[in-house]
Structure formats: C-alpha cells, structure tokens
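# Summary of the model geometry
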Amino acid sequence: DPDSMLIKVGPEGWAPPIRPMHRIFKQKDLDALKGFSGDWVVNSIIEGDRLIVKKKGGRITAYDENGTRKSLDTGMPGSFKSISDDDYIIDGILSKDEDFFQVLDITKHMDDDVADLLTHERVKLLRAHYSSNDKVEVPAPHNTRTTDEEGLKKALENLKGESKKMYLLRDSQSTYMKGERRHPKWVLLRSPKELNFIVLDRKGKGPYSYRLGAGPLLDNEGLGNRAKSIDEKPYMDIGTIVRSDETYNVGDIVSVGVDSVTQNSRSGRDVY
C-alpha cells in the first residue's frame, strides 16, 4: 500500500514535492531528451522553497521537502483557506521572503486522490475550483500555458514577457507520481547555470564542507567510490563545496552555481 509507505517516512497525507529530473538551458536542448508526448504544460516559476500545503477541516499545515512542519508567516494560513472552501493537498513554491506562494500542482481535492490524473487535468481542476489572492497564486494564463510541440516556442516567448527566468515544462500526459522525488517527464528550463544537488555528507562545525550528489541513478554499477546511497537510492558524487556558512543536512536539496563541468569514463560509464 503506497500510502502506508508514505506515512512511515512523513506525516499523514504528505509526499515529497516532485522536482524535474531534467535540466536544460535553452529550448533546443529538448532535442536531446526522448520519450515525451509532445504536449506540454508550461509554467513560469518563482525562486523559493518547495512546500506541500494541506487544508483539512479549516486547518492549514505546511511541510518542507523532508516532511518537516513549516511555520507560515502571519496571514498566510488565512490566504490558503481563502483559495477554496474544499479540503486539499497542493504542491508549490514559497517565495524567498515567505510572503507569497505559487501553486504548481494538486494531489488531493476534497476526499479524492487526484495524483493519477494527467497534468493538464490537474491544472484544469485547479483553475476550475481554486482562486488566487494577494499571497497565493494558482495556475492562470499569465503564468501557465498548455501547448503542443509546435506552439512551445511561442508559449515560452509569451511567458518570458513576464520577465521570469525559470520555466517548468511538464509532459501534459504525465501523472504526479506521488512518492517520487524526481519526475522523468518534467523539465526545468533556466538560463543561469545553477543546478540542484543532494547533500551526501557534511563535515565541520561551521563553516562546513558539503559533499554533493546528482541523481538518483538507475544503478551504481561501475561507479565505485563515486557512488553513495541515500534512502537506498544511488547518487553520483559530483564534487565538494568548502567553507560554507549555510547549514544543511544530509539528504537536503541545494541549488549550486556551476562554472564548468568535467567528464571522464569509468567502467564504460560517464562520470562528472
């Protein structure tokens, strides 16, 4: 029972917000990715922290990517209540100053688990039953486009008119895949060369040194000491950040600026 498994690793009803598995820097990079339907839901997205927000019986609770309860600023709980009279579980981004939340997706509406609906169906549900306010924004024409392959370029150009820098491209035929941390049918388009990595190890008492990983991978075959497992999933050790004053724990996801990448081969596998 997948729900029973989720309860063991987090609060009831919580599943980790899914991040895109792929990262590209320009639309043309999509040509290197295969297995997509050609129909897209495209969002311009804000900077911030991913949260899962749950409304049940008029009570609002929010959880971070590790299932830890997140305190909300004054006024935010009321704003979450006002987007719908119904109970829900939504996935979105809390802005860096923590006074604005962008809704990206929904996994539960009233008593219905809607994670298995297709992406365009979940977005349609949000548009039909939820409304934005000053602090909580649901998908709308100014930040969301549904398009096919031929219309993708124009959709991105229209959204870029809003001066956004990050775009989430989701295969419109994909489900939410609740319980996973990376989605193979989701793509992040972002021009600055920043990537998300997982913290594999931390040393020091401040400042800290962090060992970072990319993945999860399908397997660790041939990677030797360049592979490390977190929650029984293998990741590739891609490098270390030293003398950081920021405090993170093993398993946290961090955004890192990348100046250059080196590549070599080990047992027939690419190592970066």
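See the structure printed just above.
As a starting point, this report considers the structure included with it. (Residues numbered from 1 in each chain as written. Predicted model: local features only at pLDDT ≥ 70, side-chain atom pairs only at ≥ 80, totals over all residues. Heavy atoms only, no water.)

## Looking at the sheet that holds strand β10 (residues 166–171)
Overall, mixed pairing links the five strands, which are arranged β1-β11-β10-β2-β9 in an open sheet. Edge positions in the sheet fall to β1 (19–24) and β9 (144–148), since each of these pairs with one other strand and no more. Averaged over all neighbouring strand pairs, the angle between strand axes comes to 30°, with direction disregarded. The sheet strands contacting helix α3 (residues 119–129) are β2 (39–45), β9, β10 and β11 (182–190), and the helix crosses β10 at an angle near 120°. Relative to β9, helix α4 (residues 152–160) is tilted by about 165°, and along the sheet it contacts β2, β9, β10 and β11. (Pairing = 2+ DSSP bridges. Helix = DSSP H or I, 4+ residues; strand = E, 2+ residues; numbered from the N terminus. Axes fitted to C-alpha atoms, helices over the stretch in contact; angles between N-to-C directions. Contact = heavy atoms within 4.5 Å.)

## Observations concerning a negative patch on the surface
A grouping of Asp39, Asp148, Glu149 and Glu150 is seen on the molecular surface, where their side chains present a negatively charged patch. Along the chain, Glu150 turns up in the loop between β9 and α4. (Patch = residues over 30% accessible without salt bridge, like charges linked within 9 Å, V, L, I, M, F, W, Y side chains within 5 Å. Areas by Shrake-Rupley, 256 points an atom, 1.4 Å probe, with all protein chains shown as cover. Salt bridge = Lys/Arg side-chain N within 4 Å of Asp/Glu carboxyl O. Lys, Arg positive; Asp, Glu negative; His and termini not counted. Charge placed at Lys NZ, Arg CZ, Asp CG, Glu CD.)

## Quick notes on the environment of Gly257
Considering the arrangement of structural elements, one finds Gly257 in strand β16 (residues 253–257). The exposure class assigned to Gly257 is exposed, which follows from its relative accessible area of 54%. (Buried < 20%, exposed > 50% of the residue type's maximum accessible area, 1.4 Å probe, protein only.)

## A few points about the nonpolar core
Of all hydrophobic cores here, the largest spans 19 residues; its most connected members are Val53, Phe80, Tyr88, Ile90, Phe101, Ile106 and Tyr130. If you list the elements that add at least two residues to this core, you get β3 (48–56), β4 (59–63), α2 (76–82), β5 (88–95), β6 (101–109) and α3. What Ile106 contacts, discounting residues up to four positions off in sequence, is Tyr88, Ile89, Ile90, Val114, Arg122, Leu125, Leu126 and Tyr130. One finds Trp14, Ile45, Ile52 and Leu168 within the second-largest nonpolar core, a separate group that totals 15 residues. (Core = buried A, V, L, I, M, F, W, Y, C linked by side-chain atoms within 4.5 Å.)

## What to know about the pattern of salt bridges
Under the criterion given, the structure shown has twelve salt bridges. The shortest N-O distance in the salt bridge between Arg170 and Asp105 comes to 2.7 Å. One end of the pair, Arg170, is in strand β10; the other, Asp105, is in strand β6, with 65 residues separating them in the sequence. Note on Asp105: relative accessible area 2%, which makes it buried. For Asp237, the salt bridge goes to Arg211, with nearest N and O atoms at 3.0 Å. Taken together, the positions of Asp237 in strand β15 (residues 233–244) and Arg211 in strand β13 (residues 208–214) put the pair 26 residues apart, joining distant regions of the chain.

## Observations regarding the sheet that holds β16
Spatial ordering of the open sheet is given by β14-β15-β13-β12-β16, a layout of five strands whose pairing is antiparallel. Each end of this open sheet is capped by a strand with a single partner; those strands are β14 (227–230) and β16. Neighbour-to-neighbour, the strand axes of this sheet turn through a mean angle of 55°, independent of strand direction. Where strand β12 (residues 194–203) meets β16, five bridges bridge the pair, whose relative direction is antiparallel. Counterpart to Ile198 in the pairing with β16 is Ile253.

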